[in-house]
Amino acid sequence: MDLCTYHSHCNFCDGKAPAEDFVRAAIEAGFHSYGISSHSPLPFETRWSLSKGNVEAYLMELKRLQEKYAGQIELYVGMEIDYLNDDWGPAVEYFQRMPLDYRIGSVHLVTEEQTGEIMDMDGKFEDFRENLRMVFRDDLKYLVEAYFKASSRMVELGGFDFVAHLDKISMNGSLMDSTLTKQEWYNRLLWDYMSLIAERGVMVEVNTKAYTKKGMMFPNVKYFKWLKELNIPVMVNSDAHLPQLVNDNRALAFEWLREVGIKSTMRLHQGAWVEVPIDNK
């Protein structure tokens, strides 16, 4: 198992500990490289994203940690950048000018086109259900279509290294409708989205964060075969918000990737993305 992860959060956003605690946990776990990727600033304040006023402090702290632990681990400075629209996402100049080692493309907030209202599709199901009623008038299919439309536009615009939890909409969506991922229209949307990712040569993470509590990975394990079929380069990230979870469920993800015939994953080495074989021992 390749001991690296490039999706994690600290207390500059919604992580539950200082960045240094995560770095130490990664070193103790034997990681060769590790990336911290706070949720990007948004045009409005949220409880879970990095404030614009704290960006400089975030970058300075990670630079300090890079220097402090240089002989023990390759530490990388990333950011999980939310796509809202063409004026706010990974491709815009504000994020492109940041001195980051890598950027993650992500969609958590979905806009209802007619009203311009924004819905957070992540988080607690109770909030999701209420937001779906208020913003998308209880039309789950409309929300899912809007989610994949926004996600596809993000990929078209580019400006990032890999896609985070590409089918995260299914987490709460499946609680609204347990048959969601079995429906033809949903699978068509997801296939088209993954095909676009493949066409643009974008990497995708297998995100293991929700497996312990919800029994889900993103993408859903049943779509690992599509990653193989479309020849999409992948990595396995824990999306840790607690230091003790830096390696949570990653071994299981590697096992399932092997089962569908995926033979390699991606990692950062000396600042460049490289392909490394999955250890079959």
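About the thresholds
- Residues numbered from 1 in each chain as written.
- Predicted model: local features only at pLDDT ≥ 70, side-chain atom pairs only at ≥ 80, totals over all residues.
- Heavy atoms only, no water.
- Patch = residues over 30% accessible without salt bridge, like charges linked within 9 Å, V, L, I, M, F, W, Y side chains within 5 Å.
- Areas by Shrake-Rupley, 256 points an atom, 1.4 Å probe, with all protein chains shown as cover.
- Salt bridge = Lys/Arg side-chain N within 4 Å of Asp/Glu carboxyl O.
- Lys, Arg positive; Asp, Glu negative; His and termini not counted.
- Charge placed at Lys NZ, Arg CZ, Asp CG, Glu CD.
- Helix = DSSP H or I, 4+ residues; strand = E, 2+ residues; numbered from the N terminus.
- Buried < 20%, exposed > 50% of the residue type's maximum accessible area, 1.4 Å probe, protein only.
- Pairing = 2+ DSSP bridges.
- Contact = heavy atoms within 4.5 Å.

(A) Structural detail: a positive patch on the surface. Taken together, Lys-16, Arg-47, Lys-124, Lys-209, Lys-213 and Lys-214 make up a surface patch of like positive charges. By the element assignment, Lys-124 lies in the loop between strand S6 (118-120) and helix H4 (125-136). Residue classification places Lys-124 among the exposed positions, given a relative accessible area of 60%.

(B) Geometry of the pairing of strand S10 (residues 264-269). The buried fraction of S10 amounts to five of the six residues, a majority that puts the element mostly inside the structure. Pairing between S10 and strand S11 (residues 272-277): six bridges, direction antiparallel. Bridged to Leu-268 within S11 is Trp-273. Hairpin connection between S10 and S11: a loop of two residues separates the two successive antiparallel strands, and Gln-270 in this loop has a positive phi of roughly 55 degrees.

(C) Looking closely at the environment of Tyr-69. Counting through the fold element by element, Tyr-69 comes out in the loop between helix H2 (55-68) and strand S3 (74-82). On a C-alpha basis, the gap between Tyr-69 and Ile-27 in space is 9.2 Å, while along the polypeptide they are 42 residues apart. Among residues more than four places away in sequence, those in contact with Tyr-69 are Glu-20, Val-23, Arg-24 and Ile-27.

(D) How the structure looks around the pairing of strand S8 (residues 203-207). Judged by how many residues are buried, S8 sits mostly within the fold: five of five residues are covered. Residue alternation in S8 divides its side chains into two sets, Met-203, Glu-205 and Asn-207 and Val-204 and Val-206, and both sets are buried. Bridge count for strand S7 (residues 162-163) against S8 is two bridges, and the pairing is parallel. When the bridges of S8 are listed, Val-163 appears paired with Val-204. Here four bridges tie S8 to strand S9 (residues 234-237), and the two strands are oriented parallel to one another. Residue pairing across strands places Glu-205 opposite Met-235, the latter belonging to S9.

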